[in-house]
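The residues making up each chain are set out below.
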Amino acid sequence: MERARVRAIGVPFALLLLLALAARAVTSFDGLDDEVIRLAGLGEDLAEWPAELHEPIATADVNPFLWMLRHIDEPDRVNDHHYSRVPEALVGGAFGGSERETATIGGQDRESLESDAETFADELGQNPDDRQPSSVHRPGLTPPYRPPAAQHPDVETVDDGRQPPFDTSSLFQHHFNSFFNTPLETGFFGTAGLPGFGFFDTNANRPWWKGENVCVEREEKEEDITSSDNDEVSVNGGTASGGSSFGFHGFSTFNLNVQSCAEKQHKYVCTSIKNVNGRKRTEKLTRQCCHGYGRPRNGPPNAHCQKLDLYSMEETVERLGAKEFVSTLKKSGLDATLENDVTLFVVPDSAYTTFAEQMWENNLVAFDPMARAKRAIDFASMTARDMILAHTVNGTYFIEDISNEQLLKTDLPGANIRINIYPRGPMAATVRDQSHAEHPYRYTANCAPLLKLNRVADRGIVHVVDRVLVPARNTLMDIIEVRDDMTLMRTFLEMTGLDKMLREQGDDKHYTIFAPNDDAFLKLDKDIRRKLKAGNGCAMNILKNHILDITFCSLAAVNGVKTSTYNMLNEKLEFEYAMVGKTRVPSAVEAELSEVEDEGKKTQRIRINGFATIEESDVVASNGVLHVIDSVLPTDSGMPISNTLANHNLTVFKQLISDAGLEEEFDGMSNRTFFIPTDQAFEQTETGRYWIRQLKEHPESLRGNAALKEFLEYHVAEPLIKTCGLEETTIPTKAGQNVRVNLYTTNPVFTTVMNRATVNCARLVRFDEETCGSVVHEIDKVLDVPKTNLMEALSANPDYSMFQRMVSLTNLTELLTSPDSGLTLLVPKNDVFLEVDSWYQETLQNQDELERIIRAHVLPNVICCTGIVPSEWPFVRTTETISGHQLKLNRNRRPQVQNAGITKCDVVARNGIIHEINDVINVQPKRTSSTGAGSGNPFESFGSITRPLTFWFK
């Protein structure tokens, strides 16, 4: 009978279960309240159930519906292993009061809100059925999801052999259980226990920052707006006269308001910027768990702030393994520090003991004067009290709230702690620890790695560093000046004026210098050292190649991968670890300090660009950090032109400079643009082959050769121009003549994108190769110094005599002799005119026809052969003659202009170029059209629909 009665309620119970599953995607299910049971008409049926089925369930991962279904067939059977029975006296303890309490796991140590928690590897295999109940509650209900205390990142494991409970349920199981295991007040049936849906309940999905135990901090700032970027925007002609925040039809203006919110693990920050009546108002609202409360990092995404069991600052530091630090603090009379809200950067006992032994053995002077000058560390006036103060910062700072390069002012006057943030390197999935997942970045304090983060105490926060933080009171230049192994570096910095930059201090002043020692400079070539001491542009570039405008600690380099950054020349520096063998014998001081390994022993060091090795790292200054390297980092931008030519295999030009006795003069040039022909370019041109023969046959005749000097200096232009600054213009050269720069495009669609450049029709094949204060562009032709203008060039070539006769009979002679004309002349050879001699003779007698023909062969701009590319319909390229005729440009086997092929390209004159062609350009006489210029057609330059668009080479 009892079994039958239980089954009789199956239909309404099934409907209720289906209704609960239908609402699963909206909210979570909580169980049945007495009021719900009454409204559902199940009270009498449930009253006849066995008494043991009414006993409360204390386990947090039990689903009440599954429990009931499991016992429909066997109502008398209860699994004592899976369910815990709680005495009636405890029923309602968790939910009966006004506040909900979470049971504390005995013996567990609370740490911080966002701790760098260690992985509980030994707890992962624990049976979830062996866990202890975390709270008690009313019959038929399970408590809300609260992770056991051992899961919380603020809990440390004590060394007493006990294993704290650890939730090993899967992600799916966690979310499935949360469907049922939520408190009734925020469950499926709403706040009053009445039938309903959770999405009508505002508390069901309330974010954590709107929950309990959240403290709110508001900051407001108002300032005048002076920049044009903050002007009010008028709408439909409205005036910026203030008023309402939005308006239409000139009645008012609207003010741009910007609001952004960002959520972190322990805080929610909203920033609002309002522009009202010419003043900018900034409001910052910060919501975070109050002190003593925290959110479990591995809990649900919307886990609310929970009370933490915090220890005193002293006990927290001791539990982190820094007992010696606390002992020194007390001996120094700084006990009151532990009673204030401070941030401590504590040192583990092992590192602190090593440091203390060095100090005590030297009577609080860590090194002898020579070693102290070398390392730029002054402990002579530093006491144990000063050391503690240098690790103490007033106020509480979570590591996530500190920005990169931020300076934290310590209690020691003049000493700051600089925080830097670096990305972690790639790690295999099998070796990633919990700290890697919680903190994707690595942090340093004065370049000392932070080992443990965000340990919250009752009156502050503790971070653990791996070594004692030496007070950074001196600038980078101060450190270099007192080191006796950097005399050359100091000289070069002072000579170039970079010493002033390295003396600058401030929140935005942070540099990294990879400083070569004197031995490194002595390894350079004598000529380079001489040029460096001369103080020319090379010294500036060489030094800037060693300086970064960021703080780059050695921790930034990741073992096993290459780490890269850019220096002040915007050149890449790559860092990687490598095994380096020591070859020098350590000094007595270094041997005493164990700084240098045994001679010949290999050690792992950081190498820069595979060339220089960091011998001494992380010498911290008030405005950055210094690393000592064993070699000068090479850079073309710091080398003279002769070295750049040798490095890029421009051997012919370099040899000509050397044999002409001009190497020193060229190396001393600055702010120049070098157009250097490749060795292949010398072999392919007549002028180039001539100078190659002179090098081989008469090298002695080249020294002091005026023609060679003019030839070489014609390849040197002033000022320094990189490709991004090239324009279609003429540039003066050191030889006194100008070179003409032209830009072209090879793209048939994006015709305004210039991707090809020429100088005197020699194409730039490699470019922007920096040298000492100058830049090098490699070209595919040698540059001959033009001696004639276009008219003189026609007269000088007998093959052009017939065309020259036609020009002399027209009024174009003045145009071809103008020094600034910049024309392209298409010249048929005499052979072409001899084939049509009768036409030629008739044309000479017709002045109008003669001038029309000549004008069809003159282009108003310079078009080199390299600028003529394949051109097919619909992307047909054309250019215009001085008479306005359109000529088609194309390239098949050779460049073509209209109906003629170019047989000889780019005869350079002072005022333009000549192309030799194999036919007379055939153009029709221009006809007056009703759509022409006289008709006022605004699109006349685009031509008719059937004619291709005009393409201009500007």
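Residues numbered from 1 in each chain as written. Predicted model: local features only at pLDDT ≥ 70, side-chain atom pairs only at ≥ 80, totals over all residues. Heavy atoms only, no water.

Our focus in this paragraph is the packing of aromatic side chains. Two measures describe an aromatic ring pair: the distance that separates the ring centres and the angle between the ring planes. Under the counting rule described, the total for this entry stands at eleven aromatic pairs. Ring centres 6.2 Å apart and planes at 40° place the aromatic pair Phe-666 and Phe-674 in the tilted group. For the pair Phe-666 and Phe-674, one class covers both residues: buried. Relative to Tyr-840, the ring of Phe-833 has its centre 5.2 Å away and its plane inclined at 50°; by these criteria the two rings are tilted. Judged by relative accessible area, Phe-833 falls into the buried class, the value being 1%. Taken together, the ring pairs in this structure connect Phe-682, Tyr-690, Trp-691 and Phe-711 into an aromatic cluster. Sitting above the plane of the Tyr-311 ring, Arg-319 keeps its charged end 4.3 Å from the centroid. (Phe/Tyr/Trp six-rings, centres within 6.5 Å; stacked < 30°, edge-to-face > 60°. Buried < 20%, exposed > 50% of the residue type's maximum accessible area, 1.4 Å probe, protein only. Lys NZ or Arg CZ within 6 Å of the ring centre and 35° of its normal.)

Ordered in space as β3-β8-β7-β6, the four strands form an open sheet in which the pairing is antiparallel. Each edge of the open sheet carries a strand with a single partner, namely β3 (214-224) and β6 (258-263). Within this sheet the neighbouring strands show an average axis-to-axis angle of 10°, counted without direction. Here eleven bridges tie β3 to strand β8 (residues 279-289), and the two strands are oriented antiparallel to one another. Counted as the bridge partner of Glu-222 is Arg-281 from β8. (Pairing = 2+ DSSP bridges. Helix = DSSP H or I, 4+ residues; strand = E, 2+ residues; numbered from the N terminus. Axes fitted to C-alpha atoms, helices over the stretch in contact; angles between N-to-C directions.)

Once that is clear, we can look at the pairing of strand β30 (residues 762-771). Bridge count between strand β29 (residues 756-759) and β30: two bridges; the pairing is antiparallel. The partner of Val-759 across the bridge, within β30, is Ala-762. Connecting the antiparallel pair β29 and β30 is a turn made up of two residues, with Asn-760 showing a positive phi of about 50°. Strand direction decides the pairing type here: β30 and strand β31 (residues 774-779), joined by five bridges, are antiparallel.

Averaged over all residues, the pLDDT of the protein chain is 74; the fraction at 70 or higher stands at 66%. Residue range residues 1-12 is modelled with pLDDT below 50. Its contacts to residues more than four positions away, or to other chains, number 15 contacts. Below a pLDDT of 50 lies the segment residues 25-33, which in the model reaches 43 contacts outside its immediate sequence neighbourhood of four places, other chains included. (pLDDT = per-residue confidence, 0-100. Contact = heavy atoms within 4.5 Å.)

Take helix α14 (residues 487-496) next. Among all positions in α14, only Leu-488, Met-489, Phe-492, Leu-493 and Thr-496 are buried. The buried residues of α14 all sit within an arc of 135° when viewed along its axis, so they share a single face. Looking one or two residues beyond α14, the residue adopting positive phi is Gly-497, at roughly 85°. (Arc of directions from axis to C-beta.)

Time to look at the environment of Pro-925. Relative to the helices and strands, Pro-925 is located in the segment after β38 (912-917). A sequence separation of 40 residues divides Pro-925 from His-885, and the C-alpha atoms of the two residues are 8.7 Å apart. Not counting residues up to four positions away in its chain, the partners in contact with Pro-925 are Arg-852 and His-885.

Moving on: the packing of helix α21 (residues 651-659) against helix α24 (residues 686-697). Between α21 and α24, the shortest axis-to-axis distance is 11 Å and the interhelical angle comes to 55°. Taken as axis vectors, α21 and α24 run oblique relative to one another. When the axes of α21 and α24 are compared, the crossing they make is left-handed. Every residue of α24 that contacts α21 at Val-652, Gln-655, Leu-656 and Asp-659 is listed here: Trp-691, Ile-692 and Leu-695. Here the residues of the contact of α21 with α24 are counted per class, giving five nonpolar, one polar and one charged. (Parallel < 35°, antiparallel > 145°, perpendicular 65-115°, else oblique. Left-handed = near helix turned anticlockwise from the far one by under 90°. Nonpolar A, V, L, I, M, F, W, Y, C, P; charged D, E, K, R; others polar.)

A few words now on the pattern of salt bridges. Tallied over the full model, the rule gives 25 salt bridges. The partner of Asp-466 in a salt bridge is Arg-467, and the shortest N-O contact between them spans 3.5 Å. We classify Asp-466 as partly exposed; its relative accessible area is 26%. According to the relative accessible area criterion, Arg-467 is partly exposed, its value standing at 31%. One salt bridge in this structure joins Glu-916 and Lys-829, with 4.0 Å as the shortest N-O distance. On the criterion of sequence distance, the pair formed by Glu-916 in strand β38 and Lys-829 in the loop between β32 (823-828) and α29 (830-835) is long-range, its members being 87 residues apart. Classification of Glu-916 as buried rests on a relative accessible area of 9%. Through salt bridges that share partners, Glu-222, Arg-279 and Arg-281 make up one connected network. (Salt bridge = Lys/Arg side-chain N within 4 Å of Asp/Glu carboxyl O.)

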